[in-house]
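Architecture and fold: a report
Spelled out, the chains give:
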Amino acid sequence: MAPFSVGMPVPPVLRPIAQLPDADVYELAIRQIEAEILPGVRTPVLTYGNHFVAPTIRAKSARRTLITFRNHLQAASNVHLHGGHVPAASDGHPMDLIHPGGARLYSYPNRQQGATLWYHDHSHHTEAEHVFRGLHGAYLLEDDSERHLGLPDGEYDIPILLRDAAFDESGALVFAEPEYRTTLLANGKPSPYFPVAARKYRLRLLNVSTHRDFTLSLGGVEMTQIATDGGLLPAPVPRTTLLISPGERIEIVVDFSRHPLGTQLLLADTTGPVLRFDVVRRARDNSRVPDRLRELPALPEATATREVVLGFGFVGDVPMGLINGRPFDPNRIDAKIKLGTTEIWRITNGDVQYQVPHNFHTHLVQFRVLDRDGNPPLPGETGRKDTVHIRPGESVRVQATFGDYTGRFMYHCHLLEHSQMGMMAQMEITR
């Protein structure tokens, strides 16, 4: 199929079924349907709310979200709010499953700054395939304290979920090895076009693929990065290329008024086109990107340090994903952490021989990247993050404070084929 044959949709915004004084109440079905991904072809997919991709949830900081997921699949599922600071019972632990025919209520306090989060399946041993087949959606946490900044909003604030896919001759998704997933999707469509006005847009880029890194450019056109996983950066960062690994989010502002009507700007990965922006009309623009966005507080003193090594190995004759030499065991606690303490973790990608990429994701907390092999963080990494890319042989130091909630939480590689092979560990926050 030729690129730019279809338009890129904007996922629908989920509407609450009820509004309480302090909470918005939602329901979503987990169900298999057929969706049109390739033009004229019906493809079986897994969905939240009968949409591929899933509806966007726009939540408010300091206002709770209560959402019931009902599982109509023939397999167990669950939901993890990626980047959410939530109680253990609502975190989507891999063993906390919604069985076929069942339902589960998740409570999200939203006591964190505005950020681009996302929700996805996290059922143990099936998370990679379930996410690949469609169980992923954007969760945009809106913060009233950002309104004075004047950033683009409303119809000019667009989530763009990026991923790869492979199809068989009938148009069905094939959960194949990552190198065979050569079709790139933006909001569920292959290399689409998106008409834009000649003004500034806030584009929220989410890598919802299970294995693929995206290295993105607009053909040398400047993109202004304003936010990362955990929300706004201290100051905007001009970028011409963006590396975004599975699970990471990058928010950029692009000013299309710098280009004449009729201009076509190509957002491309190193492997091919992702999305084309077509500048088709003029529009009034009162938005701006200020020089300062959000001050970050000084880091508290760390009371403990930990070493975390990601890598593949064998348990007997079976190849497994490992953290510190051990595969995931739901009955084992790998790190016990006192509530309210601050720790520094050094995470190392130990897969040097075969140059295997990894990244690292923590549940419960956002962290700050301190350094990479002793060097300063990369551009755009100075804000709060929950997922970080780590090259083979590289070590990244991060610092986090483990506040508010006790219980079991996960940390793992977010290349989901790696985590479902065992590259996952469990921390317990205790009083």
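Everything numeric here is computed off the predicted structure, so don't read it as measured data.

Here is what the cut-offs are and how they apply
- Residues numbered from 1 in each chain as written.
- Predicted model: local features only at pLDDT ≥ 70, side-chain atom pairs only at ≥ 80, totals over all residues.
- Heavy atoms only, no water.
- Pairing = 2+ DSSP bridges.
- Helix = DSSP H or I, 4+ residues; strand = E, 2+ residues; numbered from the N terminus.
- Axes fitted to C-alpha atoms, helices over the stretch in contact; angles between N-to-C directions.
- 1 Å grid on protein atoms, 1.4 Å probe; cavity = no way out; pocket = protein on both sides within 12 Å on 5 of 7 lines; lining within 4 Å.
- Points joined across faces, edges and corners; volume = space filled by probe spheres on them.
- Nonpolar A, V, L, I, M, F, W, Y, C, P; charged D, E, K, R; others polar.
- Polar contact = N/O pair within 3.5 Å; in protein donor to acceptor, adjacent residues only side chain to side chain.
- Contact = heavy atoms within 4.5 Å.
- Core = buried A, V, L, I, M, F, W, Y, C linked by side-chain atoms within 4.5 Å.
- Buried < 20%, exposed > 50% of the residue type's maximum accessible area, 1.4 Å probe, protein only.

Description of the sheet that holds strand S29 (residues 387-390)
To summarise the sheet geometry, strands pair through backbone hydrogen bonds and adopt either a parallel or an antiparallel arrangement. With mixed pairing, five strands are arranged side by side in an open sheet as S24-S32-S31-S26-S29. What marks the edges here is a single partner per strand, and that holds for strand S24 (335-338) and S29. Across this sheet, the average inter-strand angle for adjacent strands is 25°, counted without regard to direction. Looking at chain direction, S24 and strand S32 (residues 424-430) are connected through four bridges and run parallel. Counted as the bridge partner of Lys338 is Thr430 from S32.

Details of empty space enclosed by the protein
All chains considered together, the criterion is met by one cavity of 30 Å³ or more. Counted as a void, the largest cavity has a volume near 50 Å³. If you list the elements that add at least two residues to the lining of the largest cavity, you get strand S25 (342-349), strand S26 (358-362) and strand S30 (395-401). The residue inventory of the lining of the largest cavity, partitioned by class, reads seven nonpolar, one polar and one charged.

Observations concerning the side chain of Ser77
Note on placement: Ser77 falls in the loop between strand S5 (64-71) and strand S6 (80-82). A polar contact of 2.5 Å, which involves the side chain of Ser77, links it to the side chain of Asp121. Beyond its immediate stretch of four places on either side in the chain, Ser77 contacts Ile30, Asn71, Leu97, Ile98, Asp121, Ser123, His130 and Leu135.

Examining the sheet that holds strand S9 (residues 136-142)
The strand order across the open sheet formed by four strands is S4-S9-S8-S6, and the pairing between neighbours is mixed. Each having just a single partner strand, strand S4 (57-60) and S6 make up the two edges of the open sheet. Each adjacent strand pair in this sheet contributes to an overall mean axis angle of 30°, direction not counted. With six bridges joining them, strand S8 (residues 115-120) and S9 adopt antiparallel strand pairing. Residue pairing in the sheet places Leu117 in a bridge with Tyr139 of S9.

As for the layout of surface pockets
Quantified by volume, the largest pocket comes out at close to 420 Å³. Every element with two or more residues in the lining of the largest pocket is listed here: strand S27 (367-372) and S30. By residue number, the principal contributor to the lining of the largest pocket is S30, which donates three residues. The class makeup of the residues in the lining of the largest pocket is eight nonpolar, nine polar and three charged. Looking at the second largest pocket, its volume works out to about 290 Å³. Every residue lining the second largest pocket is counted, 16 residues in all, and those nearest its centre are Glu142, Arg147, Asp153, Asp157 and Arg202. Elements with a minimum of two residues in the lining of the second largest pocket: S4, S9 and strand S14 (200-207). Of the residues in the lining of the second largest pocket, the class split is three nonpolar, two polar and 11 charged.

A look at the pairing of strand S23 (residues 318-323)
Strand residues, when the strand is regular, have side chains that alternate between the two faces of the sheet. Bridge analysis of strand S22 (residues 304-315) against S23 gives six bridges, and the strand direction is antiparallel. Residue pairing across strands places Gly311 opposite Leu322, the latter belonging to S23. As consecutive antiparallel partners, S22 and S23 are separated by two residues, and within that stretch Gly316 has a phi angle of approximately 70°, a positive value.

Some words on the nonpolar core
If you look at the biggest cluster of nonpolar residues, it comprises 31 residues, and the most contacted ones within it are Ile160, Leu216, Leu275 and Phe277. Ignoring anything within four residues of it in the chain, the contact list for Phe277 reads Ile160, Phe194, Val196, Leu203, Leu218, Phe256, Thr263, Gln264, Leu265 and Leu267. Ranked by size, the runner-up nonpolar core spans 28 residues in total, among them Leu364, Ile390, Phe409 and Tyr411.

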